[in-house]
Amino acid sequence: MASIQPARNEHLDAVAALEAVTFPEDAISKRSFRRFIESPSADFQVLLLNEKVIGYTVVLYRNNTNLARLYALVVEKEHRSKGYGRRLLQAAEDLADERHSLFLRTEVATSNTVGQQLMNSEGFRAIELREAYFPPSASQSTDALVLQKLLPRYEMGEDAGVGATEEYVPMLTQSTEFTCGPASLLMAMDYFGRPSSDPQAEELEIWRQATTIYMTSGHGGCGPHGLARAAFQRGLKVRVEVNTDQPLFVDSVRQEQKKTVMQRIQQADMTYLEKHGVPIVVRDYDVTLIKEDLSQGCLVMVLISTYQFDGIRAPHWVLICAADDDFIYINDPDYDTLPWESPTERQYLPVPISTFSKAFGYGGRKQKAAVVLSADLTTK
Ligand SMILES: CC(C)(COP(=O)(O)OP(=O)(O)OC[C@H]1O[C@@H](n2cnc3c(N)ncnc32)[C@H](O)[C@@H]1OP(=O)(O)O)[C@@H](O)C(=O)NCCC(=O)NCCS
């Protein structure tokens, strides 16, 4: 029976020998392997068959990042194509997952079609081509593909944290750069049994109703009061959470006239909400409060700054669907947020709580805005 276990010093000779025949020009040294055994930032495992090493993996972790790197994955030639490579890869993924890595990344020679097939079938995706990455070799190309996999996926069940629901919140990708808010609201409407019959048209319609803030330049985005008003009009139960009763998001607007317009629109929305009994709560709405709302069956739209993710300070609405001890799971309506390329990867996208806390709040004054949504059982 083959078993996978943490490497020990007694395995080093066999691992180094297997590495040398596999990558004659570019072998990892025995000294390095020894360090991987001792290092707290490496997981080094061996695959043993009748106590003999027939394969190994090394995963490396870098401090303060959620990125894990699959540094080595090898199965001895005579034992290949029997499923051992996949078992080793899955075991390496489990370890990276346990350490709360978000991504597992590796480099594979472009000529290594077996390796690529294995990776692709396990959900890895090519994110970059690196030319002349490996040294010249008779056995493989010098060019490498960087492959990456998003690790923790939200799974419903006993350990699912709060917001765990009978069904997943459906995903919708925004169709313009300024309709993240409307797209987030449409996802919630769908989830709460009020799907739009024409989401594309309604996305713009909601935007027309809710736009107040001038994003960087170009079209304005939506403010929390306008979105809350649009949500209320579409039959949802709504609460607005803001951390100031001052007009929101006017700091970066230089033109006085624009500022005044924004303030007047916000005021009109607030008056409407007050008139219809929609609460506007002014306090520091934090992760604990978000979790409370999720546990009550709500979904929460929050305005985040994308700086933590792509280095650009842009306001962006996302929909929080669930949370557990380590992650906030968001449906991100964005259409081009790398490295979360496909809509499936932007559904229940796990954001570490520390990252989320930094991203939640916009502008120099860290103005927080959230719209808490649930089904309005009185009108259904
Ligand atoms: C890559 C490697 C680890 C795969 O190990 P393995 O034990 O042969 O892999 P598995 O038997 O688990 O097969 C996994 C998948 O790889 C592909 N594969 C395996 N053998 C293959 C072959 N002879 N021809 C084509 N594809 C093959 C298949 O997609 C297979 O999935 P399937 O069985 O569901 O069709 C092994 O070939 C190896 O050690 N190569 C040299 C080191 C290396 O290239 N490392 C980098 C890996 S990215």
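Residues numbered from 1 in each chain as written. Predicted model: local features only at pLDDT ≥ 70, side-chain atom pairs only at ≥ 80, totals over all residues. Heavy atoms only, no water.

Their axes nearest at 9 Å, the elements helix α7 (residues 224–233) and helix α8 (residues 256–275) cross at an angle of 40 degrees. One element, α7, and the other, α8, form an angle in the oblique class. As for the relative orientation of α7 and α8, their crossing is left-handed in sense. Residues His225, Gly226, Ala228, Arg229, Phe232 and Gln233 of α7 lie in contact with α8, whose contacting residues are Gln266, Ala268, Asp269, Met270, Tyr272 and Leu273. Taken together, the residues of the contact of α7 with α8 break down into six nonpolar, four polar and two charged. (Axes fitted to C-alpha atoms, helices over the stretch in contact; angles between N-to-C directions. Helix = DSSP H or I, 4+ residues; strand = E, 2+ residues; numbered from the N terminus. Parallel < 35°, antiparallel > 145°, perpendicular 65-115°, else oblique. Left-handed = near helix turned anticlockwise from the far one by under 90°. Contact = heavy atoms within 4.5 Å. Nonpolar A, V, L, I, M, F, W, Y, C, P; charged D, E, K, R; others polar.)

Once that is clear, we can look at the domain arrangement of the chain. Here the chain is described as being made up of domain 1 (2–150) and domain 2 (180–375). Each of domain 1 and domain 2 has a C-alpha centre, and the two are 41 Å apart. (Domains from an automatic or database assignment.)

Another aspect to go through is the sheet that holds strand β2 (residues 42–49). With mixed pairing, the seven strands of this open sheet are ordered in space as β1-β2-β3-β4-β5-β7-β6. Only two strands of the sheet have a single partner each, and these edge strands are β1 (2–6) and β6 (125–130). Looking at each pair of strands side by side, their axes are set apart by 25 degrees on average, direction ignored. Contacts from helix α4 (residues 113–121) reach β4 (67–75), β5 (103–109) and β7 (144–150) within the one sheet, and its direction differs from that of β5 by about 160 degrees. (Pairing = 2+ DSSP bridges.)

With that settled, consider the sheet that holds strand β12 (residues 299–305). Overall, mixed pairing links the seven strands, which are arranged β11-β10-β16-β12-β13-β14-β15 in an open sheet. Two strands close off the open sheet at either side, each with one partner strand: β11 (280–282) and β15 (349–352). When strand polarity is set aside, the average angle formed by the axes of neighbouring strands in this sheet is 35 degrees. Summarising the sheet, strand β10 (residues 236–242) and β11 pair through three bridges and their orientation is parallel. The partner of valine 240 across the bridge, within β11, is isoleucine 280. Of the strands in this sheet, β10, β12, β13 (315–323), β14 (327–331) and β16 (369–375) touch helix α9 (residues 287–295), which is tilted by about 60 degrees from β13.

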